[in-house]
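# Descriptive structure summary
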Amino acid sequence: SDEVLRGIWEKELEGMANRIKSMRGALRDRLEGKLGGDWSHITQQIGMFSYTGLTEQQVGYCTENGVFMLKTGRISMAGLNEGNI
C-alpha cells in the first residue's frame, strides 16, 4: 500500500541523512586531527554537498591524491565513506 511504501521510503531517507551527517562529523574530525584549526563549517552545513574552504592549490593536491572535488572545494558528502575519509 501507499502507507507501507511511504514508511519504507522515510526509513531509507532517514538512514541516508544520518549517514551523510555521520560522514560530515568524520571528515571534520579527520581534518582537525590532521591539520588542526576549526573545521566546524563542515558540520554546520547541510545537504549532500559541502564547501571545504580549501584553496584551489589545496584542491589540486587532493585531486592528485585521489580525492576529487570542484576547484571551489565543493565535495559530495554522499561520496564519502569510512574507507576514504
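Going by the structure above, here's the rest.
Summary of the structure given here.

Parameters at a glance
- Residues numbered from 1 in each chain as written.
- Predicted model: local features only at pLDDT ≥ 70, side-chain atom pairs only at ≥ 80, totals over all residues.
- Heavy atoms only, no water.
- Helix = DSSP H or I, 4+ residues; strand = E, 2+ residues; numbered from the N terminus.
- Rg over C-alpha atoms; globule rule 2.2 N^0.38 Å.
- Buried < 20%, exposed > 50% of the residue type's maximum accessible area, 1.4 Å probe, protein only.
- Contact = heavy atoms within 4.5 Å.
- Areas by Shrake-Rupley, 256 points an atom, 1.4 Å probe, with all protein chains shown as cover.
- Lys, Arg positive; Asp, Glu negative; His and termini not counted.
- Charge placed at Lys NZ, Arg CZ, Asp CG, Glu CD.
- Patch = residues over 30% accessible without salt bridge, like charges linked within 9 Å, V, L, I, M, F, W, Y side chains within 5 Å.
- Salt bridge = Lys/Arg side-chain N within 4 Å of Asp/Glu carboxyl O.
- Polar contact = N/O pair within 3.5 Å; in protein donor to acceptor, adjacent residues only side chain to side chain.
- Phe/Tyr/Trp six-rings, centres within 6.5 Å; stacked < 30°, edge-to-face > 60°.
- Lys NZ or Arg CZ within 6 Å of the ring centre and 35° of its normal.
- Expected span 1.5 Å × (residues − 1).

### Here's the deal with the overall build of the chain
Within the chain, the regular secondary structure consists of three helices and two strands. Against the globule reference of 12 Å for 85 residues, the chain gives a C-alpha radius of gyration of 15 Å, more extended than a compact globule. Along the longest, intermediate and shortest principal axes, the C-alpha atoms of the chain span 50 × 20 × 20 Å. Taking all 85 residues of the chain together, 22% fall into the buried category. When contacts within the chain are restricted to residue pairs at least 6 apart in sequence, those whose partners lie at least 24 apart make up 42%. Approximately 6,200 Å² of the chain is accessible, and the part contributed by carbon and sulfur atoms is 56%. Treating the 10 positive side-chain charges of the chain as one cloud and the 11 negative ones as another, the clouds have centres 4 Å apart.

### With respect to a nonpolar patch on the surface
Judged by side-chain polarity, Val4, Leu5 and Ile8 come together as a nonpolar surface patch covering roughly 280 Å² of accessible area. Mapped onto the secondary structure, leucine 5 falls in helix H1 (residues 2-35). Classification of leucine 5 as exposed rests on a relative accessible area of 54%.

### Quick look at the side chain of serine 50
Mapped onto the elements of the fold, serine 50 is located in strand E1 (residues 49-51). Within the structure, the side chain of serine 50 is placed 3.3 Å from the side chain of glutamine 45, a separation counted as a polar contact.

### Digging into the packing of aromatic side chains
Counting across every chain of the model gives zero aromatic pairs. Over the ring of phenylalanine 49 we find arginine 74; its NZ or CZ atom is 4.0 Å from the centre of that ring.

### What to know about the pattern of salt bridges
A complete count under the given rule lists two salt bridges for this structure. Here arginine 6 makes a salt bridge to glutamate 10, at a shortest N to O gap of 3.0 Å. Of the two residues, arginine 6 and glutamate 10 are both situated in helix H1; the distance of four residues between them amounts to about one turn of the helix. The class for glutamate 10 is partly exposed, based on a relative accessible area of 39%.

### Examining H1
A rise of 1.5 Å per residue sets the reference length of H1, with its 34 residues, at 50 Å; its end C-alpha atoms lie 48 Å apart and thus fit the reference within 8%. If you check which residues of H1 are buried, you get Ile20, Met23, Arg24, Ala26, Leu27 and Leu31. Packing partners of the buried residues in H1 comprise helix H2 (40-44) and E1. Backbone geometry just after H1 places glycine 36 at a positive phi near 75 degrees.

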